[in-house]
Amino acid sequence: MKRDFLHIIDFSAEEIMETFQLAKEVKTKIINRENYKPFKDQTLAMIFSKPSARTRISFETGFFRLGGHALYLSPNDIAVGKREAVKDIARVISRYNDMIMARLFEHAHILELAEYASVPVINGLTDFNHPCQIMADMFTIWEHRGHLKDLKIVYIGDGNNIVHSWLNLAARLPFHFVCACPEGYSPDSETIKKAKESGLSTIEVSHDPKKAVNGADVIYTDVWASMGQKQELEERVKRFKGFQVNNDLMSATGKETYFMHCLPAERGRETTDSVMESKASIVFDEAENRMHVQNAIMLKIAGKE
Ligand code: CP
Ligand code: NVA
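Everything quoted here is computed from the prediction, not taken from an experiment.

Asks: Please explain the sheet that holds strand S7 (residues 202-206) as it appears in this structure.
Replies: Sheets are built from strands that pair by backbone hydrogen bonding, the pairs being arranged parallel or antiparallel. The parallel open sheet is built from five strands, whose spatial order is S7-S6-S5-S8-S9. Edge positions in the sheet fall to S7 and strand S9 (258-261), since each has one partner strand and no second. Strand-to-strand twist of the sheet, defined as the mean angle between neighbouring strand axes without regard to direction, takes the value 20°. Both strand S6 (residues 176-180) and S7 contribute to a ladder of five bridges, which runs parallel. Its bridge partner being in S7, Ala180 is matched across the sheet by Ser206.

Asks: Help me out: how do you make sense of the nonpolar core in this one?
Replies: One finds Ile122, Met138, Trp166 and Phe175 to be the most contacted residues of the largest nonpolar core, which totals 59 residues. Here this core gets eight residues from one element, more than from any other, and that element is helix H5 (residues 131-145). Once residues within four sequence positions are removed from consideration, Ile122 is found in contact with Phe5, Phe59, Met99, Ile100, Met101, Ala102, Ile110, Cys132, Ile297, Met298 and Ile301. If you look at the next biggest cluster of nonpolar residues, it comprises 20 residues, including Val154, Ile156, Ala180 and Val283.

Asks: When you look at the site of ligand 1 in this model, what are you seeing that I'm missing?
Replies: The environment of ligand 1 is formed by Ser52, Ala53, Arg54, Thr55, Arg103, His130, Gln133, Cys262, Leu263 and Arg290. Measuring from a nitrogen atom of ligand 1, one finds a backbone N or O atom of Cys262 at 2.9 Å. Relative to its unbound accessible surface of 260 Å², ligand 1 loses 95% to contact with the protein. Given that more than half its atoms are within 2 Å of the pocket grid, ligand 1 belongs to the largest pocket. Residues that form the shell around ligand 1 fall into these classes: three nonpolar, four polar and three charged.

Asks: Looking at this structure, how should I read the pairing of strand S1 (residues 43-48)?
Replies: Residues in a regular strand project their side chains so that they alternate between the two faces of the sheet. Summarising burial for S1: six of the six residues are buried, a large majority. As judged from the five bridges shared by S1 and strand S2 (residues 69-73), these two strands associate in the parallel manner. Across the sheet, the residue bridging to Ala45 is Leu71, located in S2. Following the backbone out of S1, through helix H2 (residues 54-65) and into the adjacent parallel S2, one traces a crossover that is right-handed. Of the pairings in the sheet, the one linking S1 to strand S3 (residues 99-103) comprises five bridges and is parallel in character. Directly across from Ala45, in S3, lies its bridge partner Ile100.

Reading the values: rules and limits
- Residues numbered from 1 in each chain as written.
- Chains lettered and ligands numbered in written order.
- Predicted model: local features only at pLDDT ≥ 70, side-chain atom pairs only at ≥ 80, totals over all residues.
- Heavy atoms only, no water.
- Pairing = 2+ DSSP bridges.
- Helix = DSSP H or I, 4+ residues; strand = E, 2+ residues; numbered from the N terminus.
- Axes fitted to C-alpha atoms, helices over the stretch in contact; angles between N-to-C directions.
- Core = buried A, V, L, I, M, F, W, Y, C linked by side-chain atoms within 4.5 Å.
- Buried < 20%, exposed > 50% of the residue type's maximum accessible area, 1.4 Å probe, protein only.
- Contact = heavy atoms within 4.5 Å.
- Near = heavy atom within 4 Å.
- Polar contact = N/O pair within 3.5 Å; in protein donor to acceptor, adjacent residues only side chain to side chain.
- Areas by Shrake-Rupley, 256 points an atom, 1.4 Å probe, with all protein chains shown as cover.
- 1 Å grid on protein atoms, 1.4 Å probe; cavity = no way out; pocket = protein on both sides within 12 Å on 5 of 7 lines; lining within 4 Å.
- Sits in = over half its atoms within 2 Å of the grid points.
- Nonpolar A, V, L, I, M, F, W, Y, C, P; charged D, E, K, R; others polar.
- Right-handed = clockwise from strand over helix to strand, strands pointing away.

Following this line, the structure appears as structure tokens:
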């Protein structure tokens, strides 16, 4: 049976921690330039329906560093859901390549791609979630703190794909997660419900950023208008007033707090230059760890641990 990684909950808690441990080991091997080529002679097809810097670069570089070759397929090449049926392209790619990574608009399309592909499929972001990002984020927190105990993460901004993956992670590992968003921009209620039902984590949705950040170990933010929503930006800028992560908000936690952002950041909007450049900011460690954690995810689902 082939294995996919489409949601964080596709992995058990144990597998998530094993992935972090593996990421740590593979990161060391890569940094030391060891001759470690588990994907020798293999190919990874990377399908993009949306723009990307980190996801494309980290997957392509990571797969290459592990001995394989990655193909970049731009929005004009495959045009998922437009040029041909998703179930057709899934089977075609499976005849050429050993693994697929896809960044798509509709979540249903990645589910269909995985259903019809005979090789493992990894979700590189959809409108619904971004599991590789949040795995890399939690790994980064684990690296910085040395443990994941008594952890309060406060997300400030839009209840979007990033938040859905945080909620999924909260259904696997215990932590306190607060999403502080303007009214009308809350995350998907079904995803909140499932995270709460797991009974593992404390989950809250708040509309008061100042109150929400009290005691936060991590403040996390993302753009106010995601890819595919940029036409709503003007309206959202008005609605998200008061939700900027600035020095004022960072110092309202009452303790030392890390600042995280999946990037790309729109400096001056959801956060400021000063926070991005502050000592609290671990955004570039987070970006680097995308590659190491994704390498571990690929090794795990390929059964090459
Ligand atoms: N964080 C992230 O996924 O970045 P890109 O959109 O540049 O890939
Ligand atoms: N929420 C953002 C994340 C980008 C990595 C988007 O979907 O555009």
